[in-house]
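Summary of structural features
Below, each chain spelled out in residue letters.
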Amino acid sequence: MQILIFNCGSSSLKYKIIAMPSGRQLAAGEAQRVGPPTAQPPCIISTCNGKTDKIEVNMPDHTAAFKEVMNILQQKHKLDIQAIGHRIVHGGNFFQKPVRVNKEVLPELYATQKLAPLHNPPAVKLINACLKLYPDLPQVMVFDTGYHSTIPAYASTYCLPADISQKLHIKKYGFHGTSHRYVISEAAEHLSIAVKKINAVSCHLGSGGASLCAVVNGQSIDNTMGFSPLPGLIMSTRCGDISAATVIHLLAEYNGNCPAVEKELNKKSGLLGLSGKSGDIRDIVTAEAKGTDEAANKAFRIYISRIKKYLGSYLAAVAALSGRPADAVIFTDTIGETVPQVRTAVISGMSHFGINIAYDLNNSINTLPADITASGSRIKILVIRTNEELAIARDVFKLLHRKPVSQE
Amino acid sequence: MNFLILEPEIDNFVFSFYCKRRKIFYHKKADMCRGLNTTQQEWQSCLKEIIDSFDINSYNAADTIVVIRVICGGTVFTAPEIVNCNTITKLEQLIPHAPLHMPGTIELVKACNNFFSSIPVLLVFGDTFFKSLPERERVYALNRTTADKIPRERYGLNGLVHQAACFYLWRILRQRFCNCQPGVISIHLGDFPEVVALKGSRAVMLSYPLPGETFSPETDPGIILTLAQEFNWGPEKLNKILTQKCGWYGLTGSKTDLSRIFKTDDNINALAQQVCRYQLLQSCAAGAAVAGRIDALVFSGRFCKAGNYLRYSLKQDLETALAGAKKDIYVDIYDQSYTAAVRDIADNYFVNY
């Protein structure tokens, strides 16, 4: 079964075609600069059978981008798409599990748009375009927040007046759920533990967003992101945790202009704000290694310290709920997978938690998954490559497998 | 040694007298002055009334110390200081940092210096405890231009009580930790609960405030921005809601506090108990991660007795999490008022002095 997975951004449309149940990737690509004209022309970068093409096409919206992508996949690559999976960032209170798209679920899907105004609306438009152009093609939505629906009330409830929380659907939703869920299942397999039994802390350290997830018996019990993706770790351009009083001060400074404050906290803060130069921790690691850039040194220390604190918190949360120490700490996504200095700095000095890193293994990773645990460490340290698209393809296949369109 | 403790506030003034030998402790709100709006001359008459009311001479005036609590020492004072010929000049440097508090405080210091000419006057500062806090704990990840527009660094709110609680703990554990820098977690359960981790005597981690009676410390800016946009609330209204309608009140729907939450076991209090336990566990474990070890926990603050409901589960959960450490976390409660904390800091200062 060939499943087309869409990951819809505000001005991009990434896709992969995955054959299930093998999980083999058949093609991948990205429609770039979708929307109003920009300095560069819109194009689709498409890779199939090891060959990459760049095709310039007009894509004023996601519907047009979708048509062009389908055209390339079906006409050029001769692929036979039998189902579509959509990564949806926010499922709100409505969607906890993967759901097949039909008329009944659309009103609830529309209601989620307000919760993720940058990400959900283009995905909703794409789903509508798919319904219109390929009404018989099964579509499944997989929600990033879904994995975190198991976070207990004591960790997901904010101390706000109940009527306000209910009216605005305010609770901790958590994000990066598809990635956390994927690496947890891979870690369980690597450690020969049933997914339903694994206790771990997953560190999704992306070059943009980042979050930690505490997992007990394979289920999420906490995530560093909350109602919005702003809190928690210090990210590329997002501020992470910040006191409510500071946000109120900022609102006063900006005369109550919420979009301006949101832009400050979303786009100009984090590592970029601290270093004044780059929002990429890899640049900061390079500058920090030279030891001459004080702002970079400071940004690195703050970035690492925040991860370390949440790692300690979540190791304790896991131990408290399960009655035993975690089985593993997992590093994933761009930074977690490729920057050994970050892994070293995070784990150093945590031996009292029963976690020790093997520095030589950490610095010489060739293939993933990798085990970088030092001998004597009670808790395993794993580096696992995330694959959200494969996780989504598995969900789609699982949901549809009783009625396969045809065999692979 | 006896301590006369003076605690001036913006619009009121509290004084206390403590006789260590006779274990006598007076604590009174002074109605005869206008807080930090009082002039030096008014302070002097006020001090005379205080002394008359105590009959200080019967307590051996020669063995008495005057202690003044000062809201901040900024970068000028890094420890308690006995008033000397340079002190007033140094205090004057702090006026821009605390314009409402410092001028009145200086007047009080001058008055004390004149009035108690033969008695040492000791200043203790509310922010000294957090001086050792590393920069990584104090700054927000904002860009410099933005950070310049707002209070850019954060300090804890209960430094004097944390400090006194830690002195109390160190006295008890002196033998046990004579050869190492212990990791201590100080849990303040007051109006603005917070957790501080110490490595030796250095504060190395400060939690964000935990929920209070009506106060919510939410650290997700998305929530504040949503409230502002959805209800069209300005900064004042937001501040009012977050400080007066949230916290345990927001969660339970009734005016309550930590001691009541742990005495009642209905569903809504059960959730509040779980939230409190969980947030404390997270803050303590974050402190342990930064401090590199954890040897002792100490509860303090107005609701420190809630620590009796929390101590066993907290100890057990932390010891389970600290899989690589010896399982022997010492837990205690420092059940003293804010004024008593000032007294204990002064006492400790003179013991070492």
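Residues numbered from 1 in each chain as written. Chains lettered and ligands numbered in written order. Predicted model: local features only at pLDDT ≥ 70, side-chain atom pairs only at ≥ 80, totals over all residues. Heavy atoms only, no water.

1. Observations regarding the confidence of the model for chain B
Here is the rule we go by: How sure the predictor is of each residue is captured by pLDDT, a score from 0 to 100.
Residues of chain B with pLDDT of at least 70 account for 97%, and the chain-wide mean is 88. Both confidence scores are given for the complex: pTM 0.91, ipTM 0.91.

2. Remarks on helix α13 (residues 338-352) of chain B
All names here are of chain B. The cut-off we apply is this: Strands here are runs of E lasting at least two residues and helices are runs of H or I lasting at least four, both read from the DSSP assignment and numbered beginning at the N terminus. In a helix, the anticipated span is given by 1.5 Å times the number of residues less one. To sort residues, take the accessible area from a 1.4 Å probe on protein chains only and compare it with the maximum for the residue type: under 20% means buried, over 50% means exposed, and anything in between is partly exposed.
Here α13 spans 21 Å end to end across 15 residues, near enough to the 21 Å set by a 1.5 Å rise per residue. The buried fraction of α13 amounts to 11 of the 15 residues, a majority that puts the element mostly inside the structure. Buried within α13 we find T339, A340, A341, V342, R343, D344, I345, A346, D347, N348 and F350.

3. Describing the sheet that holds strand β5 (residues 81-82) of chain B
All names here are of chain B. The condition is simple: For two strands to be treated as a pair, DSSP must find at least two bridges joining them. Every residue pair with non-hydrogen atoms within 4.5 Å of one another is taken to be in contact. Helix axes are fitted only over the stretch in contact, all axes being lines through C-alpha atoms; the angle between N-to-C directions runs from 0 to 180 degrees.
With respect to topology, 6 strands assemble into an open sheet ordered β3-β2-β1-β4-β6-β5, the strand pairing being mixed. The sheet is open, and its two borders are formed by β3 (24-29) and β5, each paired with just one other strand. Strands β1 (2-8), β2 (13-19), β3, β4 (64-70), β5 and β6 (121-125) of the sheet are contacted by α13, whose axis makes an angle of about 130 degrees with β1.

4. Observations concerning the pattern of salt bridges
Oppositely charged side chains can form a pair if their charged atoms are brought close together. All names here are of chain B. Quick note on the threshold: Each salt bridge in this description consists of a side-chain nitrogen of Lys or Arg and a carboxyl oxygen of Asp or Glu lying within 4 Å of one another.
A full pass over the atoms with the stated rule returns 31 salt bridges over all chains. The shortest N-O distance in the salt bridge between E81 and K90 comes to 2.8 Å. In this structure K90 comes out as partly exposed when scored by relative accessible area, which is 22%.

5. A few points about the pairing of strand β2 (residues 12-19) of chain A
Residues and elements named next belong to chain A. Burial runs high along β2: 7 of the 8 residues are buried. Taken together, the 7 bridges between strand β1 (residues 2-8) and β2 define a ladder with antiparallel strand orientation. Paired with Q2 across the two strands is A19, which belongs to β2. Where β1 folds back onto β2 in an antiparallel hairpin, the turn is made up of 3 residues. Two elements, β2 and strand β3 (residues 24-32), share 8 bridges in a ladder whose sense is antiparallel. Residue pairing in the sheet places Y15 in a bridge with G29 of β3. Counted along the chain from β2 to the antiparallel partner β3, the turn is 4 residues long, and its residue G23 has a positive phi close to 85 degrees.

6. Some thoughts on the pairing of strand β10 (residues 210-216) of chain A
Residue and element names in this part refer to chain A. The element β10 is largely enclosed, with a buried count of 7 among its 7 residues. Burial of the side chains of β10 extends over both faces: A210, L212, A214 and V216 are buried on one face and S211, C213 and V215 on the other. Between strand β9 (residues 200-205) and β10, which pair antiparallel in sequence order, lie 4 residues. The pairing of β10 with strand β11 (residues 219-223) spans 4 bridges and is antiparallel.

7. A word on the environment of C43(A)
All names here are of chain A. Note that C43 resides in strand β4 (residues 43-48). We classify C43 as buried; its relative accessible area is 4%. Separated by 12 residues in the primary sequence, C43 and A31 have C-alpha atoms spaced 5.9 Å apart. Once you skip the residues sitting within four places of it in the chain, C43 turns out to touch E30, A31, Q32, K54, I55, E56, V57 and M59.

8. Thoughts on the sheet that holds β10(A)
All names here are of chain A. The 6 strands lie next to each other as β11-β10-β9-β12-β14-β13, forming an open sheet whose pairing is mixed. For this open sheet the edge positions go to β11 and β13 (370-371), each flanked by a neighbour on one side alone. Bridge analysis of β9 against β10 gives 6 bridges, and the strand direction is antiparallel. Directly across from A200, in β10, lies its bridge partner V215. Across the sheet, helix α13 (residues 340-347) is in contact with β9, β12 (328-332) and β14 (380-383); its angle to β12 comes to roughly 150 degrees.

9. What about the interface of chain B and chain A?
Note: interface size is frequently given as the accessible area lost on complex formation between the parts. Stated precisely, the cut-off is as follows: Reported buried area values correspond to the accessible surface (1.4 Å probe) lost by two parts on association, with both partners' losses combined. A 3.5 Å cut-off defines polar contacts: any pair of N or O atoms within that distance qualifies, except that in protein one atom must be a possible hydrogen donor and the other a possible acceptor, and neighbouring residues in sequence count only when both atoms are side-chain atoms.
With 66 residues of chain B at the contact, the number on the chain A side is 76 residues. For the chain B and chain A pair, buried surface summed over both sides reaches about 5,800 Å², with 69% attributable to carbon and sulfur atoms. The three residues of chain B that bury the most area against chain A are A141(B), L225(B) and Y278(B), which together make up 11% of that side's buried surface. Where chain B meets chain A, there are 4 salt bridges. For E135(B), the salt bridge identified is with R301(A), shortest N-O distance 3.7 Å. Counting the contacts that link chain B with chain A gives 19 residue pairs in polar contact (both at pLDDT 80 or more).

10. A short note on the packing of helix α10 (residues 281-290) of chain A against helix α11 (residues 294-322) of chain A
Residues and elements named next belong to chain A. Stated precisely, the cut-off is as follows: Orientation categories follow fixed angle ranges, with anything under 35 degrees roughly parallel, anything over 145 roughly antiparallel, 65 to 115 roughly perpendicular, and all other angles oblique. By the definition used in this description, the sense in which the near helix is turned from the far one sets the handedness, with an anticlockwise turn below a right angle giving left-handed and a clockwise turn giving right-handed.
For the pair α10 and α11, the least separation of the axes is 8 Å and the interaxial angle reads 120 degrees. Taken together, the axes of α10 and α11 lie oblique to each other. With respect to the hand of their crossing, α10 and α11 are arranged in left-handed fashion. Here I281, I284, V285, A287 and E288 of α10 come into contact with α11, specifically with A296, N297, A299, F300 and Y303.

11. Considering the packing of helix α7 (residues 244-253) of chain A against helix α7 (residues 221-231) of chain B
As a reminder of what qualifies: By the convention adopted, Pro, Cys, Tyr, Trp, Phe, Met, Ile, Leu, Val and Ala count as nonpolar, Lys, Arg, Asp and Glu as charged, and the other residues, Gly among them, as polar.
Following both chains from N to C, one finds α7(A) and α7(B) inclined at 45 degrees, their axes separated by 9 Å at the closest point. For the element pair α7(A) / α7(B), the angle class is oblique. Here α7(A) runs over α7(B); the crossing is right-handed. Between α7(A), through A244(A), V247(A), I248(A) and L251(A), and α7(B), the contact on the second element is made entirely by P221(B), I224(B), L225(B) and A228(B). Here the residues of the contact of α7(A) with α7(B) are counted per class, giving 8 nonpolar, no polar and no charged.

12. Considerations on the nonpolar core
All names here are of chain A. Here is the rule: For this analysis, a nonpolar core means a set of buried residues of the types Ala, Val, Leu, Ile, Met, Phe, Trp, Tyr and Cys, connected via side-chain atoms within 4.5 Å.
In terms of nonpolar packing, the biggest core is built from 99 residues, with L205, L212 and V342 touching the most fellow members. With 15 residues, α11 is the single largest residue contributor to this core. The next biggest cluster of nonpolar side chains, apart from the first, holds 40 residues, and it includes A19, V34, M59 and V99.

13. Brief notes about the domain arrangement of chain B
Residues and elements named next belong to chain B. To keep things clear, this is the line we draw: Just so you know, the domain bounds were taken from an automatic or database domain assignment.
One can read the domain layout of chain B as domain 1 (2-125), domain 2 (159-213 + 256-339) and domain 3 (221-251). A separation of 28 Å is found between the C-alpha centroids of domain 2 and domain 3. At the junction of the two partners, domain 2 supplies 11 residues and domain 3 supplies 5 residues. Between domain 2 and domain 3 lies a buried interface of about 650 Å² when both sides are counted; carbon and sulfur atoms form 74% of it. Here domain 2 is connected to domain 3 by 4 residue pairs in polar contact (both at pLDDT 80 or more). The element best represented in the side of domain 2 that touches domain 3 is helix α11 (residues 267-291), accounting for 5 residues.

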